[in-house]
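# Structural overview for review
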Amino acid sequence: MIATKSWLRLNLRKSRSMINSYRFLPRLSGLILGVALVFLSQASVHAADLKLEATLVWGTNDEKSPDASHKPVDTVYAKKLAKYFKWKNYFEVNRQTVTIPSRQSKRLTMSKQCVIEITELEGEPIEVKLYGEGKLLNKFTKALTKGEIVAIAGDDKNESAWFVMIKEIEPKAEEELARKAAGEK
Amino acid sequence: MKTDFELNVQAYLDGELPENEVKEVQAVLAARLGSQELLRELTQTRDLLRQNEPQAPLTDSRDFYWSQIRRRIDAEEKAKTAASQPGWSFRRFFAPLITGAACVFALVVGIGKFNSPANSWSPVVIENMSSETTSMSFRSPSENLFVVWVYDRNEELASAQSAEESLHD
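Below or above, wherever it landed, is the structure these notes cover. (Residues numbered from 1 in each chain as written. Chains lettered and ligands numbered in written order. Predicted model: local features only at pLDDT ≥ 70, side-chain atom pairs only at ≥ 80, totals over all residues. Heavy atoms only, no water.)

## Quick word on the overall build of chain B
For clarity, the threshold we go by: Numbering goes from the N terminus for both helices and strands, where a helix is a DSSP run of H or I of at least four residues and a strand is a run of E of at least two. The rule is simple: take the accessible area with a 1.4 Å probe, protein chains only, and divide by the maximum for that residue type; under 20% is buried, over 50% is exposed, in between is partly exposed. Note on definitions: a residue-residue contact is assigned when non-hydrogen atoms from the two residues lie within 4.5 Å.
Helix and strand counts for chain B come out as six helices and three strands. Along chain B, helices (α) and strands (β) appear in the sequence α-α-α-α-α-β-β-β-α when read from the amino end. When burial is assessed residue by residue, chain B has 18% of its 169 residues classed as buried. Across chain B, every contact between residues at least 6 apart in sequence was considered, and the portion connecting residues at least 24 apart equals 20%.

Structure, rendered in structure tokens:
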């Protein structure tokens, strides 16, 4: 009997403390919900399709490109490349935009010799494969952070070089590109 | 209505009568007609009440029991104070919201910093898939640029050899 009473008293105290802690549940659940929403929003960004722009750039000390279709590269790229590389001029050979569905790959033929394959991986990383004349030469995996430019490059004939510049297209930039394309037409 | 004598007899039975009045009551009880009957009746009533009075023993310790009462009184007083102060309930409603919003804001800012170009902690895995080529990489946090430079392994060997030869010469 005494044991039963003690047990009841203990449980009564426990339930009192539990009731006290339940009072904080709405606050706690609100906080957890908020945190979960933040993480979900972050996750949804990476679960969505990946829109990229790949540009093949030729770096040379020549003032003009032998190919008339080549135009000087975008000033942003030119400044970045000139800061680290020895070549005086950079020409845009080819530029492509691509949408890579989640967890899928896309191949981009940048030139006759150069093909890249980009795969959207789980989380932030992308995998880039470089094919030279049909042969797989190099492969790298890297997280693509906001505004970052990832380049794969190498030497070319006559003391020149080639660069494949890859960057993620942000929605605003995408609109601008579409506007530019419409203007060019 | 009870008379003073009946009340005195009750007090005598309960032992609440002052000593000087006890003898007086005893004398009256011995002399007065029907007073013994009254005494017997009151004694029986007292005994019946004592035997059948419901007991309410405390299950909790005395201190714990009184602390509960104290807590309830405090809670009621707080509730009354809260009711008289509208600002308190306002704070009570918005405090968790503001706290939650602050935490979310801190997280968003933290994640933003975490994903910022300056925070270039992300691991990179580079594999050379051909025996003819090799590569090196570098990163420029200021320009937010990452470059993998692929070059011919044979050319590298040739340039190393020529450099060595020029040193010998």
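## Things to note about the environment of Pro-101 of chain A
Residue and element names in this part refer to chain A. If you trace the backbone, Pro-101 turns up in the loop between strand 3 (89-100) and strand 4 (105-109). For Pro-101, a relative accessible area of 22% corresponds to the partly exposed category. In this structure, the C-alpha to C-alpha distance between Pro-101 and Asp-49, residues 52 residues apart in sequence, is 4.5 Å. What Pro-101 contacts, discounting residues up to four positions off in sequence, is Asp-49, Lys-106 and Glu-120.

## What to know about the packing of aromatic side chains
Put simply, the rule reads: Aromatic contacts are taken between Phe, Tyr and Trp rings whose centres are within 6.5 Å, Trp giving its six-membered ring; a plane angle under 30 degrees counts as stacked, one over 60 as edge-to-face, and the others as tilted. Geometrically, a lysine NZ or arginine CZ counts as sitting over a ring once it is within 6 Å of the ring centre and also within 35 degrees of the ring normal.
Under the criterion given, the structure shown has 12 aromatic pairs over all chains. Residues Tyr-65 of chain B and Trp-66 of chain B carry aromatic rings whose centres are separated by 5.9 Å and whose planes lie at 85 degrees to one another, so their mutual orientation is edge-to-face. By way of ring pairs, the aromatic residues Tyr-84, Phe-85, Trp-87, Tyr-90 and Phe-163 of chain A together with Phe-138 and Trp-149 of chain B are connected into one cluster. The ring of Phe-146 of chain B carries the charged tip of Lys-142 of chain A above its face, separated from the ring centre by 5.4 Å. Cation over ring: Arg-32 of chain B sits above Phe-5 of chain B, and NZ or CZ is 4.6 Å from the ring centre.

## A look at the sheet that holds strand 7 (residues 135-143) of chain A
This is how the line gets drawn: Pairing between strands requires that DSSP locate at least two bridges from one strand to the other. Only the contacting stretch of a helix is used when fitting its axis, a line to C-alpha atoms as for every element, and angles between N-to-C directions run 0 to 180 degrees.
The antiparallel open sheet is built from five strands, whose spatial order is 4(A)-5(A)-6(A)-7(A)-1(B). Each of the sheet's edge strands pairs with one partner strand only, and the pair in question is strand 4 of chain A together with strand 1 (124-128) of chain B. Mean inter-strand twist for the sheet, computed between neighbouring axes without regard to direction, equals 15 degrees. Strand direction decides the pairing type here: strand 7 of chain A and strand 1 of chain B, joined by five bridges, are antiparallel.

## Overview of the interface of chain A and chain B
The test is simple: What counts as buried area is the accessible surface, traced by a 1.4 Å probe, that two parts surrender upon association, with contributions from both included. In what follows, salt bridge is the name for a side-chain nitrogen of Lys or Arg lying within 4 Å of a carboxyl oxygen of Asp or Glu. Polar contact is defined as a pair of N or O atoms within 3.5 Å, subject to the rule that within protein one atom must be able to donate a hydrogen and the other to accept it, and that residues adjacent in sequence are counted only when both atoms are side-chain atoms.
Each partner contributes residues to the interface: chain A has 41 residues there, and chain B has 39 residues. Summing both sides of the interface, chain A and chain B together bury roughly 3500 Å²; the carbon and sulfur share of this comes to 58%. On the chain A side of the interface with chain B, the three residues burying the most area are Tyr-84, Leu-137 and Lys-139 of chain A, jointly 14% of the side's total. At the surface where chain A touches chain B, the tally comes to four salt bridges. Residue Glu-143 of chain B pairs with Lys-83 of chain A through a salt bridge whose shortest N-O separation is 3.0 Å. Here chain A and chain B share 18 residue pairs in polar contact (both at pLDDT 80 or more) between them.

## Focus: unusual backbone geometry
All names here are of chain A. Of note in the backbone geometry, Glu-133 takes a positive phi value of approximately 50 degrees without being a glycine. By the element assignment, Glu-133 lies in the loop between strand 6 (125-132) and strand 7. Even without glycine at this site, Glu-159 takes up a positive phi of about 55 degrees.

## Observations concerning the environment of Val-28 of chain B
Residue and element names in this part refer to chain B. Mapped onto the elements of the fold, Val-28 is located in helix 2 (residues 19-31). Given a relative accessible area of 27%, Val-28 falls into the partly exposed group. Remark: the alpha-carbon pair of Val-28 and Val-9, spanning 19 residues in sequence, is separated by 9.8 Å. Apart from the residues lying within four places of it in its own chain, the contact partners of Val-28 are Phe-5 and Ser-35.

## Here we look at the side chain of Glu-120 of chain A
The residue Glu-120 of chain A is located in strand 5 (residues 114-120) in this model. Side-chain polar atoms of Glu-120 of chain A contact the side chain of Arg-103 of chain A, separated by 2.7 Å.

## Quick notes on the pairing of strand 4 of chain A
Residues and elements named next belong to chain A. For strand 4 and strand 5, the ladder comprises five bridges, and the chain directions are antiparallel. Its bridge partner lying in strand 5, Lys-106 is registered against Ile-118. The antiparallel hairpin formed by strand 4 and strand 5 contains four residues in its connecting segment.

## Digging into the nonpolar core
Applied cut-off: The term nonpolar core refers to a set of buried residues drawn from Ala, Val, Leu, Ile, Met, Phe, Trp, Tyr and Cys, joined through side-chain atoms within 4.5 Å.
Counting residues in hydrophobic clusters, the biggest one holds 25 residues, and the most contacted among them are Leu-52, Met-110, Ile-116, Ile-118, Leu-130, Val-164 and Ile-166 of chain A. The biggest single contributor to this core is strand 1 (residues 50-60) of chain A, with four residues. Phe-85, Ala-153 and Phe-163 of chain A together with Val-147 of chain B belong to the second largest nonpolar core, which has 16 residues in total.

## Let's talk about the pattern of salt bridges
Taken as a whole and judged by the stated rule, the model has 11 salt bridges over all chains. A salt bridge links Lys-86 of chain A to Glu-159 of chain A, with the shortest nitrogen-to-oxygen separation between them at 3.8 Å. Of this pair, Lys-86 of chain A sits in the loop between helix 3 (75-84) and strand 3 while Glu-159 of chain A is found in the loop between strand 8 (149-156) and strand 9 (160-168), placing the two residues 73 residues apart along the sequence. As far as burial versus exposure is concerned, Lys-86 of chain A and Glu-159 of chain A are alike and both exposed. The partner of Arg-46 of chain B in a salt bridge is Asp-47 of chain B, with the nearest N and O atoms 3.4 Å apart. Shared partners join several salt bridges into a network, and the residues in it are Lys-80 and Lys-83 of chain A together with Glu-143 of chain B.

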